[in-house]
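A look at the structure
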Amino acid sequence: MVLQPRHGYRAGTDPVLLAAAVSAKTGQSVLELGCGVGVASLCLGARVAGLDLHGVERLADYADIARWNASANGIGLSVTTADLTELPAELRERSFDHVIANPPYFGAADGTAAADRGREAAQREATPLACWIDVALRRLRPGGVLTVIQRADRLPDLLEAIGRRAGDIRVLPLAGRAGQSAGRVILQARKESRAPFRLLASFVLHAGSTHKGDHDNYSAAAAAVLRHGAALPMGTDAPGCKGAGPEIKTS
């Protein structure tokens, strides 16, 4: 079970998909930037036992909920209340095997600001996307892996921010239905690698060509990830450990 605010930003499928893409192994360390109430880290911790999980969240009330969720689910997630641009010394002095992030999808000038501060912080960037990537790469050990979920039209921004600091870049397009363009992408990159770029086949989220009935209509592959904790196919040879993730509820 994962508690979330009744009013404000509540996690959907994005952090679950993000967690499913991470090929972490028991004993490795993981840092989540902008962890919110902890959904991505907790889903990852439910799928892969024995991880050293750390989260950073700027909003104190969301960070408090993340700590409660970690305790309630018996998952060892340490949450630091801080802006990712001003990490405390204990995090700046560490290197991690994995850094994961679900940065806001919209730029500071896009659309109308949300009335709720939690929703606004989650959806509209106060910190530029390039800064998220820079902080993430700095916190990775050599050979460590960055995993990010973002809007598909911001893929060029992600690639520009990474530059030549990482390679073995794998991009998984997330398409709503077969034959549709991807609306989101999951990008992975390995720090200091020079392996070539790979564009993976689209992962289709919904079955059929149209939505039928009052239900989620997930494809079999998406249901395996979202309901049963399966790993996403990111073109790695890491074992696809399975295990049910925490149930998400509102408080």
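Below is a summary of the structure that appears in this document. Please read these numbers as outputs of a predicted model, since none were measured by experiment.

1. What to know about the overall build of the chain
When helices and strands are tallied, the chain shows eight helices and nine strands. Counting across all 251 residues of the chain, residues that qualify as buried make up 51%. Accessible surface, the chain: about 11,300 Å² in total, of which carbon and sulfur atoms supply 51%.

2. Observations regarding the pairing of strand β3 (residues 77-81)
Pairing geometry for strand β2 (residues 52-57) and β3, over five bridges, is parallel. Counterpart to Gly55 in the pairing with β3 is Val79. Viewed along the sheet, the connection from β2 through helix α3 (residues 60-73) into β3 turns out right-handed.

3. Side note on the pattern of salt bridges
One pass over the structure, following the stated rule, counts ten salt bridges. Notably, a salt bridge pairs Asp134 with Arg165, separated by 2.7 Å at the nearest N-O pair. Taken together, the residues Asp134 in helix α6 (residues 129-139) and Arg165 in the loop between α7 (155-162) and β6 (166-175) connect sequence positions 31 residues apart. For Asp134, a relative accessible area of 21% puts it in the partly exposed group. Of the residues examined, Arg165 reaches a relative accessible area of 34% and is grouped as partly exposed. With its nearest N and O atoms 3.5 Å apart, the salt bridge here joins Arg154 to Asp157. Taking the relative accessible area as the measure of exposure, Arg154 reaches 10% and is therefore buried. The exposure class assigned to Asp157 is partly exposed, which follows from its relative accessible area of 35%. In the salt-bridge network here, residues are joined through shared partners; they are Asp134, Arg138 and Arg165.

4. Quick word on the packing of α6 against α7
Between α6 and α7, the shortest axis-to-axis distance is 9 Å and the interhelical angle comes to 45°. The angle between the axes of α6 and α7 places the two elements in the oblique class. Crossing geometry of α6 relative to α7 is assigned as right-handed. Every residue of α7 that contacts α6 at Leu129, Ala130, Ile133 and Leu137 is listed here: Asp157, Leu158, Ala161 and Ile162. The class makeup of the residues in the contact of α6 with α7 is seven nonpolar, no polar and one charged.

5. Some thoughts on the side chain of Arg139
Among the secondary structure elements, Arg139 is positioned in helix α6. A polar contact is formed between the side chain of Arg139 and the backbone oxygen of Arg92, at a distance of 2.6 Å. Once you skip the residues sitting within four places of it in the chain, Arg139 turns out to touch Leu31, Leu87, Leu91, Arg92, Arg94, Ser95, Phe96 and Val99.

6. A look at the environment of Trp132
Mapping Trp132 onto the fold places it in helix α6. For the pair Trp132 and Leu84, spaced 48 residues apart in sequence, the C-alpha separation works out to 7.6 Å. With near-sequence residues (within four places) excluded, Trp132 lies in contact with Leu33, Gly34, Leu84, Ala101, Pro103, Pro104 and Thr127.

7. A short note on the environment of Pro5
The residue Pro5 is located in the segment before α1 (14-20) in this model. Between the alpha carbons of Pro5 and Asp61 there is a distance of 9.3 Å; along the sequence they are 56 residues apart.

What counts and what doesn't
- Residues numbered from 1 in each chain as written.
- Predicted model: local features only at pLDDT ≥ 70, side-chain atom pairs only at ≥ 80, totals over all residues.
- Heavy atoms only, no water.
- Helix = DSSP H or I, 4+ residues; strand = E, 2+ residues; numbered from the N terminus.
- Buried < 20%, exposed > 50% of the residue type's maximum accessible area, 1.4 Å probe, protein only.
- Areas by Shrake-Rupley, 256 points an atom, 1.4 Å probe, with all protein chains shown as cover.
- Pairing = 2+ DSSP bridges.
- Right-handed = clockwise from strand over helix to strand, strands pointing away.
- Salt bridge = Lys/Arg side-chain N within 4 Å of Asp/Glu carboxyl O.
- Axes fitted to C-alpha atoms, helices over the stretch in contact; angles between N-to-C directions.
- Parallel < 35°, antiparallel > 145°, perpendicular 65-115°, else oblique.
- Left-handed = near helix turned anticlockwise from the far one by under 90°.
- Contact = heavy atoms within 4.5 Å.
- Nonpolar A, V, L, I, M, F, W, Y, C, P; charged D, E, K, R; others polar.
- Polar contact = N/O pair within 3.5 Å; in protein donor to acceptor, adjacent residues only side chain to side chain.

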